[in-house]
Amino acid sequence: MTTSSVPLKGPGEPGEPGSPAQPSAAVDAAGPPERSLASKLAGFFAGGAVRVFLVVVALLWVTPTVGLLASSFRDPTDIAASGWWEVFSKPSQLTTESYSTLLGKEEITDALWNTVLITVPATVLVVVIGAMAGYAFAWMDFKGRDWWFVAVVALLVVPIQIALIPLADLFGDLGIFGSVLGVVLFHVGFGLPFAIFLLRNFFAEIPRELLEAARLDGAGETRLFATVILPLGGPAIASLGIFQFLWVWNDMLVALIFSDSGSRPLTVALTEQTRQFSGNIETLAPGAFISMVIPLAVFFAFQRQFVSGVMAGAVK
Amino acid sequence: MSSQLATAGGPANPVPPAGKRKSVMGTRPWVAALFLLPAIVLLGALVVYPIGYSVWRSLYDADGSGFVGLGNYGDLFSDDATFTAVKNTAIWVAVAPALVTGLGLVFAVLTERVRWSTAFKLVIFMPMAISMLAAGIIFRLVYEADPDQGVANAVVVGVHDTFAESSVYPKARPSTESDLKASGGGAFTSTGTLSAGTPALVPLVGIAPNKVPGDPGDATSAEPSGDGVSGTVWLDFKLGGGGEKGAVDAGEKALPGIKVEAVKDGKVVASAKAGDDGTFTLPAAADGAQLRLPESNFAAPYNGVDWLGPSLVTPAIIGSYAWMWAGFAMVLIAAGLAGVDRNLLEAARVDGANEWQVFRRVTVPLLAPVLVVVLITLMINVMKIFDLVFIIAPQPSQDEANVLALQLVNASFGGGNNQGLGSAIGIVLLLLVMPVMIVNIRRLRKERRR
């Protein structure tokens, strides 16, 4: 059983050490023996140049993040006086003061809690509702099933921006504009098309014998769903869950418009500090880092599911 | 969702033909309805209804009371702020996807040859995990204008100062008592002339004595020096006051490194630099010439590039986008590369093609389908770019960096209060992704028929 909707399996995926390199290595080893010494030398130096280039690129890529991290561990006076790179020559500047100041602010801890309150339900609801619909599309007969599924696929690329104004008006009428519920609902709505699409394709590949066996044992639809479909759908559900979790956790736009000062998540709380950027680095740097910690932990812990989830959902 | 549809459509992992499967449960429509109901209700209320509402709302004016037909769509091109957004979004769509795909292609091809490719890919892919807000803060810090804050300008200034001399006393100027007068372009020239045997006095002011760079020693009066012209450049001011104006008093600082020139008929005939005690000596040729302090003494220090100023702000933000998304392109292209038949590459090499020719004539054409998928995915993504611009562009230049998604928010919620225009922008964004929607549906139906 494969995750048919996820393009990345095996080769080329971080977390599979060396796999993309193997084919070329094999070819090189079996390369034509008549290669001249000159071409071997040229190849050696070209290989060296490639390595140097890649190291430089890697350094270039980590420098911005290192800068944020280093800045977050310096106190405001040092930040104003000199660049973050000074911590390498003066490690004594390192301090966790910015973090304790930041986490001592109620508005920040409240915002962090709001992020959790928004992200967890928005993820669970999308997975559960998406799995139910995905199962119905994959294994149930009903009139117009294919047309309904085409409609869901059509909704995959609808930009979230189009719903900002209508849902702001609708939620205003319902009295949930500015609440956590409004933000959650928005994310559920726009998370569902991808969830249904991904899970339906995955569930459809579950061998039919397994379902028939469970049916013969007397399982009803609900038990079949809970005991066969959900466990077997684990990999796809994990990819979807990780993608949706990160999407909501990292969202700023929806929360910027749909939350108020009591329900805003960390991203929105930080956004308000960016107006006076230079004067707020001691707040922004640790704040940004705190908001990054969970996604980075997820990234390093679940590389495979992370990559396939992000890849599959990139168009959203 | 073109990416997985396009790649999943390949022979490697076909989407199973759903139409031919039968339920194992028999037909019980009300159960199916129960399983589908939550999704259908939510999708209808939260996604489908907003599309219809936006279409209707885009035909009405700012407060929704007057019907304006397609007027709001016309404003896309006549309203200045909105038209800037249209132009910038066009720049984004034209530049960013190609740049990111190019980077991804280069990284994917080059990492094939190194053993630590997984580590490299982790580093490049990492920014995909973080929010655009965090990336925005990271790059706002990178692009800080002050070279003592932003690493981009620190590097630029460092490189610049290695090759170009910078002045040490940008704020200094001759005191009003001296006869050196501003002579245009930042230089100062004496009204009188130099004469051998009479030491020239060059009193400068404008720097606090305790803030003189390099903390030099006290100035000494220059001795007359035979045929040449000697003189002193010093800071004619000391803390606590005292001392005679225009005379070298004890405790007044020397200004070493100041360049002096002797000028006759507009031509520099001699030049010298003040030493550690502030004195200088010009050769005999300087006799009878005017004394000039060239502008290089007072040039403002080079402060690097104004990354987030009006002219560079969009390229700078595109740079940060490339940082975030190059990993995405790289991983997809590397997956495509893994499926390329190595024998084709080796055959080209045996035929005498060099690595560049193999890349250009064999690898890239074989990867074309993947590259197209990556490009289209990124184009869709870039059309909707919001957070990076919102965070990185500082208020003064945010109008210059405006993009459609940002203008939608500004027009409808950020004080513009024109939800008619905002809805029209939303519809335009939807129309722009419509071709991909149609391709997705076609592909799905083709798979059904197989």
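Here the structure is a predicted model, which is why all the values come from computation and not from measurement.

A. Just the confidence of the model for chain A, in detail. Per-residue pLDDT for chain A averages 80, and the proportion of residues at 70 or more is 84%. Predicted confidence is poor over residues 1-33 of chain A, with pLDDT under 50, and the contacts of this stretch with residues over four places away or in other chains come to 79 contacts.

B. Broad picture of the packing of aromatic side chains. Residues and elements named next belong to chain A. Here the structure, examined in full by the defined rule, presents 32 aromatic pairs over all chains. For the pair phenylalanine 73 and tyrosine 99, a centre-to-centre distance of 4.9 Å together with 35° between the ring planes defines the contact as tilted. Placement of the pair is phenylalanine 73 in the loop between helix H2 (37-72) and helix H3 (76-81) and tyrosine 99 in helix H4 (residues 97-103), with a sequence separation of 26 residues. For phenylalanine 73, a relative accessible area of 26% puts it in the partly exposed group.

C. Region of interest: the domain arrangement of chain A. Residues and elements named next belong to chain A. For chain A, the assigned domains are domain 1 (36-95) and domain 2 (101-312). Domain 1 puts 7 residues into the contact, and the matching count from domain 2 is 7 residues. Roughly 610 Å² is buried in total at the junction of domain 1 and domain 2, and carbon and sulfur atoms are behind 90% of that figure. The three residues of domain 1 that bury the most area against domain 2 are Leu68, Ser72 and Ile79, which together make up 59% of that side's buried surface. Where domain 1 touches domain 2, the interface holds 0 salt bridges. Linking domain 1 to domain 2 there are 0 residue pairs in polar contact (both at pLDDT 80 or more). Per element, the largest residue contribution to the side of domain 1 that touches domain 2 is 5 residues, and it comes from H2.

D. Molecular detail of the nonpolar core. Within the largest apolar cluster, 200 residues are counted, with the highest numbers of intra-cluster contacts made by A:Phe203, A:Phe258, A:Phe306, B:Trp92 and B:Tyr321. Leaving out residues up to four positions away in the same chain, B:Tyr321 has contacts with B:Trp92, B:Ala96, B:Val100, B:Met132, B:Leu378, B:Asn381, B:Val382, B:Ile385 and B:Leu388. Counting residues in each nonpolar core, the second largest holds 27 residues, with B:Tyr169, B:Ala172, B:Ala272 and B:Ala289 among its members.

E. Main features of the packing of helix H4 (residues 80-111) of chain B against helix H8 (residues 313-338) of chain B. Residues and elements named next belong to chain B. The N-to-C vectors of H4 and H8 enclose an angle of 45°; their axes lie 6 Å apart at closest approach. In terms of orientation, H4 and H8 fall into the oblique class. In this structure, the crossing between H4 and H8 has a hand that is right-handed. A class-by-class count of the residues in the contact of H4 with H8 yields 22 nonpolar, 4 polar and no charged.

F. Here's a closer look at the interface of chain B and chain A. Taken residue by residue, the interface counts 121 residues in chain B and 133 residues in chain A. Between chain B and chain A, roughly 11100 Å² of surface is buried when both sides are summed, and carbon and sulfur atoms account for 74% of that area. Across the chain B-chain A interface, the total number found is 6 residue pairs in polar contact (both at pLDDT 80 or more). When residues of the side of chain B that touches chain A are assigned to their parent elements, the largest contribution, 19 residues, is made by helix H2 (residues 29-57) of chain B. Looking at the side of chain B that touches chain A residue by residue, the class counts come to 80 nonpolar, 25 polar and 16 charged.

G. Highlighting the sheet that holds strand E1 (residues 173-174) of chain B. All names here are of chain B. With mixed pairing, the 4 strands of this open sheet are ordered in space as E1-E4-E5-E8. Two strands close off the open sheet at either side, each with one partner strand: E1 and strand E8 (279-282). Across 5 bridges, strand E4 (residues 200-205) lies against strand E5 (residues 229-235) in parallel orientation. For leucine 201, the partnering residue across the bridge sits in E5 and is threonine 232.

H. Representation of the environment of B:Ala152 in the model. For B:Ala152, the location among the structural elements is in helix H7 (residues 151-163). For the pair B:Ala152 and B:Val305, spaced 153 residues apart in sequence, the C-alpha to C-alpha distance is 8.5 Å.

I. Structural view of the domain arrangement of chain B. Per the domain assignment, the segments making up chain B are domain 1 (2-142 + 308-449) and domain 2 (173-297). On a C-alpha basis, the centres of domain 1 of chain B and domain 2 of chain B stand 63 Å from each other.

J. Inspection of the pairing of strand E7 (residues 267-273) of chain B at higher detail. Residues and elements named next belong to chain B. Examined bridge by bridge, strand E6 (residues 259-264) and E7 share 6 bridges and lie antiparallel to one another. Residue pairing across strands places lysine 264 opposite lysine 267, the latter belonging to E7. Where E6 hands over to E7, the hairpin turn is made up of 2 residues, of which aspartate 265 adopts a positive phi near 50°.

K. Geometry of the sheet that holds strand E2 (residues 180-182) of chain B. All names here are of chain B. With antiparallel pairing, 5 strands are arranged side by side in an open sheet as E2-E3-E9-E6-E7. Two strands lie at the open edges of the sheet, namely E2 and E7, each paired on one side alone. Direction aside, neighbouring strands of the sheet carry axes that sit 30° apart on average.

Rules used in this analysis
- Along each chain, residue indices are assigned from 1 in the same order as the chain's sequence is written.
- Each chain takes a letter, starting from A, and each ligand takes a number, starting from 1, following the order in which they are written.
- Under the rules for a predicted model, residues below a pLDDT of 70 receive no local features and side-chain atom pairs below 80 are neither given nor counted, while totals for whole chains, interfaces and linings still include all residues.
- Water and hydrogen atoms play no part in the side-chain values, which are based on all heavy atoms of the structure.
- Per-residue confidence from the prediction method is given by pLDDT, with values spanning 0 to 100.
- Contact definition: two residues touch when any of their heavy atoms are within 4.5 Å.
- Ring pairs are drawn from Phe, Tyr and Trp, using the six-membered ring of Trp, whenever the two centres fall within 6.5 Å, and their geometry is named by plane angle: stacked under 30 degrees, edge-to-face over 60, tilted for the rest.
- Helix and strand labels come from DSSP, where a helix needs a run of H or I of at least four residues and a strand needs a run of E of at least two; each type is numbered from the N terminus.
- For each residue, the accessible area found with a 1.4 Å probe, counting protein chains only, is set against the maximum for its type, and the residue is called buried under 20%, exposed over 50%, and partly exposed in between.
- By convention here, the domain bounds are inherited from an automatic or database domain assignment.
- Simply put, the buried area is the total loss of 1.4 Å probe accessible area from both parts when two parts are fitted together.
- Within this document, salt bridges are pairs made up of a side-chain nitrogen of Lys or Arg and a carboxyl oxygen of Asp or Glu, the two lying within 4 Å of each other.
- Here a polar contact is taken to be a pair of N or O atoms separated by no more than 3.5 Å, where protein atoms must pair a possible hydrogen donor with a possible acceptor and residues adjacent in sequence count only if both atoms sit in side chains.
- Among the buried residues, those of types Ala, Val, Leu, Ile, Met, Phe, Trp, Tyr and Cys that are joined through side-chain atoms within 4.5 Å form a nonpolar core.
- Comment: axis = line fitted to C-alpha atoms, over the contacting stretch for helices; angle = value between 0 and 180 degrees taken between N-to-C directions.
- If an angle is under 35 degrees, it is roughly parallel; if it is over 145, roughly antiparallel; if it lies from 65 to 115, roughly perpendicular; otherwise it is oblique.
- In a left-handed crossing the near helix is turned counterclockwise from the far helix by less than a right angle, and in a right-handed crossing that turn is clockwise.
- Asp, Glu, Lys and Arg are counted as charged, while Ala, Val, Leu, Ile, Met, Phe, Trp, Tyr, Cys and Pro are counted as nonpolar; the rest, among them Gly, fall into the polar class.
- Here a strand pair is declared whenever DSSP counts at least two bridges between the two strands.

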